[in-house]
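Read off the chains here:
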Amino acid sequence: MNNQELLKHPLFLGIEEKDLSEALALFSASEKSLKKGQQIFRAGTVTEVMGFILEGRIQIESTDYWGNKTIIDNLGSGKVFGETYALTGKTLMVDVIAVETSKILLLNPKKLFSNNEGRGEIKAILIKNILKISMNKNLHLSQRIFHTTSKTIRGRLLAYLSSCASSKSPDAEFDIPFDRQQLADYLQVDRSALSAELSKMKADGLIDYWKNHFKLLS
């Protein structure tokens, strides 16, 4: 991701190119390369930094005492994660893992408040942008509730796939970021039951799919 792409991102919206290096310095930004499967944040720990995905994809997961895993979100290039934990200092309730080879920026948002250096106007822009991102993130996570509210697997699939279609493709054809096990974990259902329901929905003429590529049929 080059400087022009960074400046178009909501986190840096309103920052001029000549001020980008100062903005990154205010965050004490550092770049980190990740291998597939590498853990970034671990539940039960505290983090002072948030992540900004430059390349690749990460997954946010919650695992209970018995080892049952729930996928909270799957994020790609340009997405931000961990900002709430970094700002509040609260103990992480989730694990964050790279699901493919990735590159991220680690940013310390508290530096915007504690660092006496840097121009106030740049700090104000960055603080406002973080607030907007956090509010939009809350809306996004609230949407997940609708994906898992239905008591039936078909209902959960319809809710999730409908939201994918409305946000990603006007012609209701799109790729999802999950394989079958990950989709089952995200929707909190059994994988075998999920696969069986997908086959039924295809036979009923509701959807067509190949691996993680889906098309909704009317």
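Residues numbered from 1 in each chain as written. Predicted model: local features only at pLDDT ≥ 70, side-chain atom pairs only at ≥ 80, totals over all residues. Heavy atoms only, no water.

### Brief notes about the pattern of salt bridges
Line of reasoning, step 1. For the structure on display, the rule yields eight salt bridges.
Line of reasoning, step 2. Measuring nitrogen to oxygen at the nearest pair gives 3.8 Å for the salt bridge that ties Lys69 to Glu61.
Line of reasoning, step 3. The class of Lys69 is partly exposed, set by a relative accessible area of 34%.
Line of reasoning, step 4. Between Lys137 and Glu83 there is a salt bridge whose closest N-O contact spans 3.0 Å. Here Lys137 is found in helix α5 (residues 120-149), whereas its partner Glu83 is found in helix α3 (residues 83-88), with 54 residues between them in sequence. (Salt bridge = Lys/Arg side-chain N within 4 Å of Asp/Glu carboxyl O. Buried < 20%, exposed > 50% of the residue type's maximum accessible area, 1.4 Å probe, protein only. Helix = DSSP H or I, 4+ residues; strand = E, 2+ residues; numbered from the N terminus.)

### Considering the sheet that holds strand β6 (residues 80-81)
Line of reasoning, step 1. The strand order β1-β8-β3-β6 describes an open sheet built from four strands, whose pairing is antiparallel. Two strands in the sheet have a free side with no partner beyond their single neighbour: β1 (30-34) and β6.
Line of reasoning, step 2. By the bridge criterion, two bridges tie strand β3 (residues 50-55) to β6 in an arrangement that is antiparallel. Counted as the bridge partner of Gly51 is Phe81 from β6. (Pairing = 2+ DSSP bridges.)

### Considerations on the side chain of Glu197
Line of reasoning, step 1. Here Glu197 shows up in helix α8 (residues 191-203).
Line of reasoning, step 2. What Glu197 contacts, discounting residues up to four positions off in sequence, is Ile153, Arg154 and Leu157. (Contact = heavy atoms within 4.5 Å.)

### Here's the deal with unusual backbone geometry
For residues besides glycine, phi is generally negative; the peptide bonds are generally trans as well.
Line of reasoning, step 1. The phi dihedral of Ser28 falls on the positive side, at around 50°, and the residue is not glycine.
Line of reasoning, step 2. Locating Ser28 in the fold gives a position in the loop between α2 (20-26) and β1.
Line of reasoning, step 3. Residue Ser28 is classed as partly exposed on the basis of its relative accessible area, which comes to 37%.
Line of reasoning, step 4. A positive phi angle, near 60°, is found at Gln188, a position not held by glycine.

### Describing the packing of aromatic side chains
Any aromatic ring pair is given by two values, namely how distant the centres are and how the planes are angled relative to each other.
Line of reasoning, step 1. On inspection of all chains with the given rule, the structure shows seven aromatic pairs.
Line of reasoning, step 2. These aromatic residues form a ring-pair network of at least three members: Phe12, Phe27 and Phe52.
Line of reasoning, step 3. Over the ring of Tyr186 we find Arg144; its NZ or CZ atom is 4.8 Å from the centre of that ring.
Line of reasoning, step 4. Lys202 extends its terminal NZ or CZ atom over the ring of Tyr209, reaching a point 4.9 Å from the ring centre. (Phe/Tyr/Trp six-rings, centres within 6.5 Å; stacked < 30°, edge-to-face > 60°. Lys NZ or Arg CZ within 6 Å of the ring centre and 35° of its normal.)

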